[in-house]
Amino acid sequence: MQQPSLFEPDDTGRPLADRMRPRSITEVVGQDHLLGPDGAIGQMVAEKRLASMILWGPPGCGKTTIARLLAEQTDLVFEPLSATFAGVADLRKVFRAAEKRRELGRGTLLFVDEVHRFNRAQQDSFLPYVEDGTVVLVGATTENPSFELNAALLSRCRVFVLKRLEEAALVELVERAETLTGRELPLDGEARQALVAMADGDGRYLLNLVEQLGHISTPIGVDELVRLVQQRAPLYDKSQEGHYNLISALHKSMRGSDADAALYWLARMLDGGEDPLYIARRIVRFAAEDVGMADPRALAQALAAWDTYERLGSPEGELAIAQAVVYLATAPKSVAVYRGFGAARALARRTGSLMPPKHILNAPTGLMRELGYGAGYRYDPDTEDGFSGADYFPEGLEHEPLYRPTANGFEASVRERIAEWDRLRLRRRGEGR
């Protein structure tokens, strides 16, 4: 390990992640699409003219580091705040100091970490100071700004999406750490890959893992690495955007008949701590909406998975959910019932309270019989084809095809039967004229 110079401060007691903070925008890894010469932020730095912005990205991708470097490279005073701890009083102090600084010809970059944690009123307090240039606001958030920040603040800021660090960027961080410490990690090739995978795109977490291995001198493999360091839990917030993104991915993978992808997203949700009963409810809905009459057994499979999980719990019951996911992914698909029901509801709202035709009404009293209830009703099972061809819509309302079956799976035979009934209906009505 490199020994500290007698004439330089010894910073080896500081965390490795802090010692390795980049000293310029060009040293930040994994965000070239924004920070490179052709990137939007890179161009701002080159012109030394920053716009207020929101940096949206996962933990450990460099949001705080970028904000600090932006202040340094555009000669602005860096004022950091955390929305977790700060309130309106803290903001007022910053704004007053920024106003005084501005009178002296110096600008202020206000960095607000976890900016989405400020409520709407607190977010509104930024507006006049951002608008008149008293501060350049750089907000950092791990949550979708569209959901968490108010429209007025968003209209005054540019939103930049930072990427989860890819493998190449993480490998570069490991190599930089080895150069800084003057010591190569005691890992074989497979273990080095496993270390990078454990970080799950989080650079800060990776450097913490590297530092955790600093005291080891003998080479280790994957098994020993897993024993020594704890793998981080997958990023998954059950109440935020990640929750909706993954259930959408599962739903669309099943709809696209990709059982492998569907199983992957199911595993991601379960590993992230999602309630299996929530997934069970969603796949029941999928069975009714996306498979429908193309395979009527799909709904029974989904309900059986739900019931099995409730009886067995985790982890045994999760296998039943996985089976249902595969069944639904590989089943023929049809949204004909879903669309037909939607069309029926629209027609019902449009037509109001029309009475059913009298011939299909029961007549339990003499008065009702005198009024024509049940008159002319034909019992379908007694007809030659088991089909009377009667009209069951309200009087004056033409028969409208609402359910339009597809040619997929079981629904193909339903389609043929409906087509035959349509032909019989026309023939019977012609005979009745």
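- In the nomenclature of an unreviewed UniProt entry, the protein chain corresponds to Replication-associated recombination protein A from the organism Gordonia cholesterolivorans.
- Reading the Sequence similarities (unreviewed entry) entry of the UniProt record for the protein chain gives the comment "Belongs to the AAA ATPase family. RarA/MGS1/WRNIP1 subfamily."

**Digging into the environment of D90**
Here is step 1 of the chain: Along the chain, the position of D90 falls in helix α5 (residues 88-103).
Here is step 2 of the chain: Note on D90: relative accessible area 31%, which makes it partly exposed.
Here is step 3 of the chain: Spatially, the C-alpha atoms of D90 and T142 are 22 Å apart, while their sequence positions differ by 52 residues.
Here is step 4 of the chain: Those residues within four positions of D90 in sequence are excluded, and the remaining contacts are L81 and F85.
Here is step 5 of the chain: At a separation of 2.8 Å, a polar atom in the side chain of D90 contacts the main-chain amide nitrogen of G87.

**Quick notes on unusual backbone geometry**
Peptide bonds are mostly trans, and most non-glycine residues show a negative phi.
Here is step 1 of the chain: Looking along the chain, the bond that leaves S314 and enters P315 is cis, with omega of 0°.
Here is step 2 of the chain: Along the chain, P315 falls in the loop between α17 (297-312) and α18 (318-330).
Here is step 3 of the chain: For D75, which is not glycine, the phi torsion reads 60° and is therefore positive.
Here is step 4 of the chain: Relative to the helices and strands, D75 is located in the loop between α4 (63-73) and β2 (77-82).

**Observations concerning the environment of H399**
Here is step 1 of the chain: Locating H399 in the fold gives a position in the loop between α20 (366-370) and α21 (411-432).
Here is step 2 of the chain: Overall, H399 belongs to the partly exposed group, its relative accessible area being 35%.
Here is step 3 of the chain: Through-space distance from the C-alpha of H399 to that of S314 is 50 Å; in sequence the pair is 85 residues apart.
Here is step 4 of the chain: Non-local contacts of H399, meaning those with residues more than four positions away in its chain, are made with F393 and R425.

**A look at the nonpolar core**
Here is step 1 of the chain: In this structure, L250, M254, I279 and I283 are the most contacted members of the largest nonpolar core, which totals 29 residues.
Here is step 2 of the chain: Counting only elements with at least two residues in this core, the list comes to α14 (241-255), α15 (259-271), α16 (276-291), α17 and α18.
Here is step 3 of the chain: Sort the elements by how many residues they give to this core and α16 lands first, with eight residues.
Here is step 4 of the chain: When sequence neighbours within four positions are dropped, the list of residues in contact with M254 reads A262, I283, F286, V325, L328, A329 and K333.
Here is step 5 of the chain: By size, the runner-up hydrophobic cluster in this structure holds 27 residues, among which are L16, A17, M20 and A177.

**A few points about the side chain of H116**
Here is step 1 of the chain: Assignment of secondary structure puts H116 in the loop between β3 (108-113) and α6 (120-124).
Here is step 2 of the chain: Given the relative accessible area of 12%, H116 is considered buried.
Here is step 3 of the chain: When neighbours within four sequence positions are excluded, H116 is seen to be in contact with T141, T142, E143, E148 and L149.

**Structural notes on the pattern of salt bridges**
Here is step 1 of the chain: Here the structure, examined in full by the defined rule, presents 16 salt bridges.
Here is step 2 of the chain: Among the ionic pairs, R21 bridges to D18, the shortest N-O distance being 3.2 Å.
Here is step 3 of the chain: The salt bridge involving E79 is made with R101; its shortest N-O contact spans 3.1 Å. You can see E79 sitting in strand β2 and its partner R101 sitting in helix α5, a full 22 residues away along the chain. This pair shows no difference in class: E79 is buried, exactly as R101 is.

**Description of a positive patch on the surface**
Here is step 1 of the chain: Together, R92, K93, R96 and K100 make up a region of like positive charge exposed at the surface.
Here is step 2 of the chain: Inspection of the secondary structure puts R92 in helix α5.
Here is step 3 of the chain: The exposed category is assigned to R92, whose relative accessible area is 52%.

**Side note on helix α12 (residues 203-212)**
Here is step 1 of the chain: For α12, the complete set of buried residues consists of G203, L206, L207, L209 and V210. Considered in projection along α12, the buried side chains sweep an arc of 155° and stay on one side of the axis.
Here is step 2 of the chain: Of the residues that open α12, the one with a side-chain oxygen 3.1 Å from the backbone nitrogen of R204 is D202.

**Description of the UniProt feature "domain: AAA+ ATPase" (unreviewed entry) in the protein chain**
Here is step 1 of the chain: What UniProt calls "domain: AAA+ ATPase" (unreviewed entry) maps, in this numbering, to residues 49-165.
Here is step 2 of the chain: In this annotation, residues 49-165 is assigned 39% helix and 22% strand; the end-to-end C-alpha distance for the span is 27 Å.

**Here we look at the packing of aromatic side chains**
Here is step 1 of the chain: Evaluated as defined, the whole model comprises six aromatic pairs.
Here is step 2 of the chain: Residues F95 and F126 carry aromatic rings whose centres are separated by 6.1 Å and whose planes lie at 85° to one another, so their mutual orientation is edge-to-face. Of the two residues, F95 is situated in helix α5 and F126 in the loop between α6 and α7 (127-131); the sequence distance between them amounts to 31 residues.
Here is step 3 of the chain: Each ring, one from Y264 and one from W265, has its centre 4.8 Å from the other, and the planes form 75°; the classification is edge-to-face.
Here is step 4 of the chain: W265 sits in the partly exposed class, given a relative accessible area of 22%.
Here is step 5 of the chain: Joined through ring pairs, the aromatic side chains of F95, F118, F126 and Y129 make up one cluster.

Conventions we followed
Residues numbered from 1 in each chain as written. Predicted model: local features only at pLDDT ≥ 70, side-chain atom pairs only at ≥ 80, totals over all residues. Heavy atoms only, no water. UniProt positions renumbered as here; feature names shortened; annotations may be inferred. Helix = DSSP H or I, 4+ residues; strand = E, 2+ residues; numbered from the N terminus. Buried < 20%, exposed > 50% of the residue type's maximum accessible area, 1.4 Å probe, protein only. Contact = heavy atoms within 4.5 Å. Polar contact = N/O pair within 3.5 Å; in protein donor to acceptor, adjacent residues only side chain to side chain. Core = buried A, V, L, I, M, F, W, Y, C linked by side-chain atoms within 4.5 Å. Salt bridge = Lys/Arg side-chain N within 4 Å of Asp/Glu carboxyl O. Patch = residues over 30% accessible without salt bridge, like charges linked within 9 Å, V, L, I, M, F, W, Y side chains within 5 Å. Areas by Shrake-Rupley, 256 points an atom, 1.4 Å probe, with all protein chains shown as cover. Lys, Arg positive; Asp, Glu negative; His and termini not counted. Charge placed at Lys NZ, Arg CZ, Asp CG, Glu CD. Arc of directions from axis to C-beta. Phe/Tyr/Trp six-rings, centres within 6.5 Å; stacked < 30°, edge-to-face > 60°.

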